[in-house]
Amino acid sequence: TDKQKSPGLEVGVSSELVTGLALNEAYTYQKFKYDTYFAGSIDGEGNLTNEDYSGNIEASNPDMFFTGEVMYQHTIAKKYTLYAKTNIQHIGGMFVNDANTDSLKTESYQLINGQIGIDCNFDKFRLVAYGGLNNIADKKYVAFININSDRSEYYESGPVRNFFGGLTLAYMFR
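Residues numbered from 1 in each chain as written. Predicted model: local features only at pLDDT ≥ 70, side-chain atom pairs only at ≥ 80, totals over all residues. Heavy atoms only, no water.

Chemist: Just checking my understanding: could you explain the packing of aromatic side chains for this structure?
Modeler: The way to describe two aromatic rings as a pair is by their centre distance and the angle between their planes. Considering all chains together, one arrives at eight aromatic pairs under this definition. Ring geometry for Tyr34 against Tyr37: centres 4.3 Å apart, planes inclined by 35°, an arrangement best described as tilted. As far as the burial class goes, Tyr34 and Tyr37 line up, both buried. Arranged with centres 4.8 Å apart and planes meeting at 80°, the rings of Tyr171 and Phe173 form a pair that is edge-to-face. For Tyr171, a relative accessible area of 38% gives the class partly exposed. Judged by relative accessible area, Phe173 falls into the exposed class, the value being 75%. Members of the aromatic cluster, each reached through a chain of ring pairs, are Tyr34, Tyr37 and Tyr53. Across the ring face of Phe95, the terminal group of Lys105 is positioned such that the distance to the ring centre comes to 4.7 Å. (Phe/Tyr/Trp six-rings, centres within 6.5 Å; stacked < 30°, edge-to-face > 60°. Buried < 20%, exposed > 50% of the residue type's maximum accessible area, 1.4 Å probe, protein only. Lys NZ or Arg CZ within 6 Å of the ring centre and 35° of its normal.)

Given below as structure tokens:
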């Protein structure tokens with residue numbers, strides 16, 4: 001039976017610094033490590049072997065993750081609230097295979113995103129319109145890992161700088 005230890009630490013802070021200005025942060029540190037882990041593999045000639053990955057770090061889990069957000073809201077005439085927010089994310093490097101091959105480990109990366117919007121309340125209806133920009137710095141990064149790929153195709157890149165927008169209409173049952 002394979003065994004694993006998953007020690008970690010998570011810390012979060014939310015605070016309204018001044019009226020309308022909020023700060024939200026979260027930090028996670030994790031060290032997911034296999035105590036004992038044996039995996040069967042088939043070589044190019046069809047021979048089955050057992051690989052011992054005991055003591056290795058679990059693939060596809062970053063050792064740390066941080067996200068921070070600053071948001072400002074301003075209410076106009078009780079029915080309309082304008083807002084602007086920005087956030088930053090830091091994701092630590094990750095192994096792509098159970099063997100923990102250093103040369104294949106992803107690099108850590110940071111992303112910066114922003115959004116503006118308006119929230120309108122009309123008695124029983126609520127309308128929210130927003131738009132934003134993700135990956136403002138147009139950073140190249142690995143967003144998804146194909147763990148233990150048999151074709152050595154481990155990486156799927158994250159989206160380049162992109163714009164988004166939306167409109168939400170809600171009815172309040174009161």
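Chemist: Could you clarify how one ought to interpret the nonpolar core in this entry?
Modeler: Across soluble globular proteins, you tend to see nonpolar side chains buried next to one another. Core analysis: the largest hydrophobic core is formed by nine residues, namely Ile91, Met94, Val96, Tyr109, Leu111, Tyr141, Val142, Ile145 and Tyr154. Secondary-structure elements contributing two or more residues to this core are strand 9 (109-122) and strand 11 (142-145). Those residues in contact with Met94, other than ones at most four positions away along the chain, are Ser60, Asn61, Pro62, Lys105, Thr106 and Ile145. (Core = buried A, V, L, I, M, F, W, Y, C linked by side-chain atoms within 4.5 Å. Helix = DSSP H or I, 4+ residues; strand = E, 2+ residues; numbered from the N terminus. Contact = heavy atoms within 4.5 Å.)

Chemist: Any chance you could explain unusual backbone geometry here in plain terms?
Modeler: Among all residues save glycine, negative phi is the norm, and among peptide bonds the norm is trans. At Asn100, a position not held by glycine, the phi torsion is positive, near 55°. Mapped onto the elements, Asn100 comes out in the loop between strand 8 (80-91) and strand 9. A positive phi angle, near 50°, is found at Asp123, a position not held by glycine. You can call Asp123 exposed: its relative accessible area is 64%.

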